[in-house]
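The residues making up each chain are set out below.
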Amino acid sequence: MNQYTPPKVWTWNKPNGGEFASINRPIAGPTHDKELPVGKHPLQLYSLATPNGQKVTIMLEELLALGHKGAEYDAWLIKIGDGDQFGSGFVKVNPNSKIPALMDRGEPQPVRVFESGSILTYLAEKFGAFLPTERAARAETFSWLFWQMGSAPYLGGGFGHFYAYAPEKIEYAIDRFAMETKRQMDVLDRRLAESEYLAGPDYTIADMAVWPWYGGLAKGRSYNDAAQFLSVQEYKNVQRWADAIDARPAVRRGRMVNRMSGDPAFQLRERHDASDFETKTQDKLEAAE
């Protein structure tokens, strides 16, 4: 392999990012004018069923399952591969141009919320659910929530990128991030050996944040054959926790929303009503064409 010598000043003169090169750029802001659609519910979600997107749709479906009717929402599909996140309307909601992004139009003045951890916290506080009020339990929940925010980039942008998406396999990069990913899985496994859920005996927004990333990896849904490569079956406590959350009906529904890949029966690309899960999954829409 040719030795790379960085220039004195980096310049953007060629595509970078492998599979995602077409949407990577070193500047922020919109690339085109496009207003966002607005549906009938106060909560308007603009997202895609990546792990970060799943966190919020799972949270909303769990709130609805608890009977919080105010958590009804419209979920609009943002095709990040097409650059929808750089439309002017989306950038107004999230200047960082990342999904998910939420507008709460049920407040006296519309409230924008971006970054998945912020959205989970906002919804938990708005509806008084999945976030303990007792100080120690609340601190534990936030600790694991922010653990995910700091750790997942090493799993996704680090291991996942170099193992599954980079244009060439770089042994040093894969080894470095595989080691860190396995260390993180061990952190979770040790915690879940002593606790049913991450923050204690109760299911919280911490689990909703961590599960789409690390539960998905544990169940073999991430980065091609990464589960075998990383021997995820070794993490028995993570597997137990991942299976328990996987079995929740609201989690199953949340995983379907804004999904564009996999089984068409498991794809609900837009969600505007609870009945959409029965009538508007991709398999039914395709059959009706």
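Refer to the structure printed above.
Residues numbered from 1 in each chain as written. Predicted model: local features only at pLDDT ≥ 70, side-chain atom pairs only at ≥ 80, totals over all residues. Heavy atoms only, no water.

Draft legend 1. Representation of the pairing of strand 3 (residues 101-104). The two faces of strand 3 match: Ala101 and Met103 on one face and Leu102 and Asp104 on the other face are all buried. Sheet topology places strand 1 (residues 43-47) next to strand 3; four bridges connect them, and they run antiparallel. Of the residues in strand 3, the one forming a bridge with Leu45 is Leu102. Where strand 3 lies against strand 4 (residues 111-114), four bridges are found, and the strand directions are antiparallel. Bridging across to strand 4, Ala101 finds its partner in Phe114. Following strand 3, the chain reverses through six residues before pairing antiparallel with strand 4. (Buried < 20%, exposed > 50% of the residue type's maximum accessible area, 1.4 Å probe, protein only. Helix = DSSP H or I, 4+ residues; strand = E, 2+ residues; numbered from the N terminus. Pairing = 2+ DSSP bridges.)

Draft legend 2. Seen up close, the packing of helix 1 (residues 51-65) against helix 3 (residues 116-127). Between helix 1 and helix 3, the shortest axis-to-axis distance is 9 Å and the interhelical angle comes to 10 degrees. In terms of orientation, helix 1 lies roughly parallel with respect to helix 3. Counting all contacts with helix 1, which are made through Asn52, Lys55, Val56, Met59, Leu60 and Leu63, the residues of helix 3 involved are Ser116, Ile119, Leu120, Leu123, Ala124 and Phe127. Across the contact of helix 1 with helix 3, the residue classes tally to nine nonpolar, two polar and one charged. (Axes fitted to C-alpha atoms, helices over the stretch in contact; angles between N-to-C directions. Parallel < 35°, antiparallel > 145°, perpendicular 65-115°, else oblique. Contact = heavy atoms within 4.5 Å. Nonpolar A, V, L, I, M, F, W, Y, C, P; charged D, E, K, R; others polar.)

Draft legend 3. Here's a closer look at unusual backbone geometry. The linkage connecting Ile99 with the following residue, Pro100, adopts the cis geometry, with an omega of 0 degrees. Topologically, Pro100 is positioned in the loop between helix 2 (88-93) and strand 3. Look at Phe130: it is not a glycine, yet its phi comes out positive at around 65 degrees. Along the chain, the position of Phe130 falls in the loop between helix 3 and helix 4 (135-165).

Draft legend 4. Representation of the environment of Asp263. Tracing the chain through its elements places Asp263 in the loop between helix 9 (249-256) and helix 10 (276-279). Among the polar contacts listed, one links the side chain of Asp263 to the backbone nitrogen of Ala265, at a separation of 2.9 Å. (Polar contact = N/O pair within 3.5 Å; in protein donor to acceptor, adjacent residues only side chain to side chain.)

Draft legend 5. Structural context of the packing of helix 1 against helix 9. Two elements in contact, helix 1 and helix 9, have axes separated by 8 Å at closest approach and are oriented at 140 degrees. Our classification of the angle between helix 1 and helix 9 gives oblique. Considering the relative orientation of helix 1 and helix 9, their crossing is right-handed. The residues of helix 9 that touch helix 1, namely those facing Gln54, Thr57, Ile58, Glu61, Glu62 and Ala65, are Ala250, Val251, Arg253, Gly254 and Arg255. Its residues placed into classes, the contact of helix 1 with helix 9 shows four nonpolar, three polar and four charged. (Left-handed = near helix turned anticlockwise from the far one by under 90°.)

Draft legend 6. Seen up close, the packing of aromatic side chains. Considering all chains together, one arrives at 12 aromatic pairs under this definition. Considering the side-chain rings of Phe159 and Tyr163, the 5.0 Å spacing of their centres and the 15 degrees angle between planes classify their relative orientation as stacked. With Phe159 and Tyr163 both in helix 4 and four residues apart, this pair spans about one turn of that helix. Judged by its relative accessible area of 13%, Tyr163 falls in the buried class. Ring centres of Tyr165 and Tyr223 lie 6.1 Å apart, and the angle between their planes is 80 degrees; on these two criteria the pair is classed as edge-to-face. Of this pair, Tyr165 sits in helix 4 while Tyr223 is found in the loop between helix 6 (205-218) and helix 7 (226-229), placing the two residues 58 residues apart along the sequence. (Phe/Tyr/Trp six-rings, centres within 6.5 Å; stacked < 30°, edge-to-face > 60°.)

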